[in-house]
Amino acid sequence: MSKSRALVTGAAGFLGSHLCDALLGEGYSVVAVDNLLTGRQANLEHLRNDSRFEFRQLDINQPFDVGKVDYVFHFACPASPVDYMVHGILTLKVGSVGTFHALDIAHKYGAKYFISSTSECYGDPLEHPQKETYWGNVNPIGPRSVYDEAKRFGEALTMAYHRYHKVDTRIVRIFNTYGPRMQLNDGRVVPNFMKQALRGEDLTVYGDGSQTRSFCYVSDEIDGFIRLSKSDEHLPTNIGNPTEFTILECARRVLAVTGSKSSIRYEPLPQDDPKQRRPDITKAKTLLGWEPKIDLETGLKMSLEYFKKAAFEDQGTRK
Ligand SMILES: NC(=O)c1ccc[n+]([C@@H]2O[C@H](COP(=O)([O-])OP(=O)(O)OC[C@H]3O[C@@H](n4cnc5c(N)ncnc54)[C@H](O)[C@@H]3O)[C@@H](O)[C@H]2O)c1
């Protein structure tokens, strides 16, 4: 018998699909919704015969209702730079209209609510590392604003439903996460490097590669979500790996893990590309007893089989 029923929006995506696995593991039954804009049904294939799991293909920008749920996990949104640049208007729409619909479900059924926000709320940060109290340095009209401002609006709306409608809400600010089920061609650093290294192509580094990122392995990230979902914290919480790498260092790790002989090729830095990004996770540590356990090299090794399959069998490629 399931203890509770959870709705996951964006369930066929990278994080949504891993979250479905974790929620089933926690004893929930799960109703998963997705319009397959950037996600793939293959990510949920292994759950097809689980009687506690149900998939509905629908666009959450249209009003929808899946019946009574106890928890709403709102993860629908194109998340990679390639995707949100192609689907700019839809990204703003799902961050606004779609988020209204997800919150309305939580409000209607008295369900708890959890929104996936992002480190992009900090923009090109002037404070380093980034604490949750930092308000960010975001260009509201630049090419990345379709994503950054959609996510900032999603946070504002979530806090408004909490304050005005007393919805029991949580906000996670996710930092770069990687692992199996990522799309191969989504423009994010790890899949890009893994694909290029495995196929023997040059690894593309933008700028001089000195810009830094911190990479969190997906199982650590999901563990943080589950812990936050069980807490009473309504204000945003950073979940990410604070160990910082330059992009160049990351490229070298990928070459080592894949055993690839590829070279590194330098290209101009895209507009508004953040120079550094690293979470301050003091809050998550203190409040949730959470910190990541898997270092970059181990995580890359754990992802290698998936990326090999994706790179050579053309799985994981965008439609
Ligand atoms: N992966 C990361 O490193 C990262 C970092 C920060 C924040 N996030 C956030 O986490 C969430 C999930 O990201 P992801 O990496 O899994 O991305 P993803 O693209 O793999 O998954 C997003 C899913 O949402 C679905 N979707 C988009 N619009 C929809 C709509 N209107 N109706 C129904 N479904 C819709 C897509 O089809 C896709 O399956 C996003 O909200 C993203 O902003 C992710």
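Residues numbered from 1 in each chain as written. Predicted model: local features only at pLDDT ≥ 70, side-chain atom pairs only at ≥ 80, totals over all residues. Heavy atoms only, no water.

### Re the overall build of the chain
So, point 1. Broken down by element type, the chain carries 9 helices and 13 strands.
So, point 2. Whereas a compact globule of 319 residues would reach a radius of gyration of roughly 20 Å, the chain reaches 19 Å, a difference of no more than 12%.
So, point 3. Here the C-alpha coordinates of the chain stretch approximately 55 × 45 × 40 Å along the principal axes.
So, point 4. The buried share among the 319 residues of the chain stands at 57%.
So, point 5. Considering only residue pairs separated by 6 or more positions, the chain has 80% of its internal contacts joining residues 24 or more positions apart. (Helix = DSSP H or I, 4+ residues; strand = E, 2+ residues; numbered from the N terminus. Rg over C-alpha atoms; globule rule 2.2 N^0.38 Å. Buried < 20%, exposed > 50% of the residue type's maximum accessible area, 1.4 Å probe, protein only. Contact = heavy atoms within 4.5 Å.)

### Details of the confidence of the model for the chain
So, point 1. Chain-level pLDDT for the chain is 94 on average; 97% of the residues reach the 70-or-more range.
So, point 2. Low pLDDT (under 50) marks residues 315–319, which in the prediction has 23 contacts with non-local residues, meaning those over four places away or in another chain. (pLDDT = per-residue confidence, 0-100.)

### A word on the environment of F55
So, point 1. Within the secondary structure, F55 sits in strand β3 (residues 53–57).
So, point 2. Residue classification places F55 among the partly exposed residues on the basis of a relative accessible area of 22%.
So, point 3. In the structure, F55 is positioned 212 residues away from E267 in sequence and 41 Å away in space, judged by C-alpha atoms.
So, point 4. Each residue touching F55, except ones within four places of it in the same chain, is listed here: A12, A32, V33, D34, L36, Q41 and L44.

### Focus on the packing of aromatic side chains
So, point 1. Overall, the coordinates contain 12 aromatic pairs when judged by the stated rule.
So, point 2. Here the aromatic rings of Y84 and Y147 are separated by 4.5 Å at their centres, their planes lie at 5 degrees, and the arrangement is stacked. Highlighted residues: Y84 in helix α2 (residues 81–86) and Y147 in helix α4 (residues 145–165), separated in sequence by 63 residues.
So, point 3. Relative accessible area serves as the criterion here: at 1%, Y84 is assigned to the buried category.
So, point 4. Plain terms: the ring middles of Y122 and F175 are 6.1 Å apart, the flat faces sit at 40 degrees to each other, and that makes the pair tilted. (Phe/Tyr/Trp six-rings, centres within 6.5 Å; stacked < 30°, edge-to-face > 60°.)

### A closer look at the site of the ligand
So, point 1. Near the ligand lie 29 residues; those nearest to it are D34, T38, Y147, K151 and R188.
So, point 2. Note that an oxygen atom of the ligand is positioned 2.8 Å from one of the side-chain N or O atoms of S116.
So, point 3. Here the ligand loses 97% of its free accessible area of 820 Å² to cover by the protein chains.
So, point 4. The greatest single-element share of the shell around the ligand, amounting to 3 residues, is contributed by strand β5 (residues 112–118).
So, point 5. Within the shell around the ligand, the residues separate by chemical class into 14 nonpolar, 11 polar and 4 charged. (Near = heavy atom within 4 Å. Polar contact = N/O pair within 3.5 Å; in protein donor to acceptor, adjacent residues only side chain to side chain. Areas by Shrake-Rupley, 256 points an atom, 1.4 Å probe, with all protein chains shown as cover. Nonpolar A, V, L, I, M, F, W, Y, C, P; charged D, E, K, R; others polar.)

### Some words on the state of the cysteines
So, point 1. This model, assessed by the stated rule, comprises 0 disulfides.
So, point 2. Here C20 is not cross-linked by a disulfide; its sulfur's nearest cysteine counterpart is in C77, at 17 Å.
So, point 3. Considering cysteine sulfurs only, C77 is the nearest to C121, which forms no disulfide, with 11 Å between them.
So, point 4. C121 sits in the buried class, given a relative accessible area of 3%. (Disulfide = S-S within 2.5 Å.)

### Things to note about helix α7 (residues 247–258)
So, point 1. Between its first and last C-alpha, α7 extends 17 Å over 12 residues, near the 16 Å set by a 1.5 Å rise per residue.
So, point 2. All of the buried residues along α7 are I247, L248, C250, A251, V254, L255, V257 and T258.
So, point 3. For α7, the secondary structure elements touched by its buried residues are α5 (189–198), β8 (203–206), β9 (212–214), β12 (244–246), β13 (264–267) and α9 (296–313).
So, point 4. Backbone geometry just downstream of α7 places G259 in the positive-phi region, at approximately 70 degrees. (Expected span 1.5 Å × (residues − 1).)

### Side note on the pattern of salt bridges
So, point 1. Applying the stated rule across the entire model yields 21 salt bridges.
So, point 2. Two residues, R52 and D50, come together in a salt bridge whose shortest N-O distance is 3.5 Å.
So, point 3. For R52, a relative accessible area of 28% corresponds to the partly exposed category.
So, point 4. For R227, the salt bridge is made with D223, and the minimal N-O distance between the two is 3.2 Å. One end of the pair, R227, and the other, D223, are both in helix α6 (residues 218–230), 4 residues apart, so they sit about a helical turn from each other.
So, point 5. A residue is classified by how much of its surface remains accessible, and R227, at 31% relative accessible area, is partly exposed.
So, point 6. Accessibility expressed as a relative area gives 24% for D223, which makes it partly exposed.
So, point 7. Counted as one network, the salt bridges with shared partners bring together R5, E54 and R56. (Salt bridge = Lys/Arg side-chain N within 4 Å of Asp/Glu carboxyl O.)

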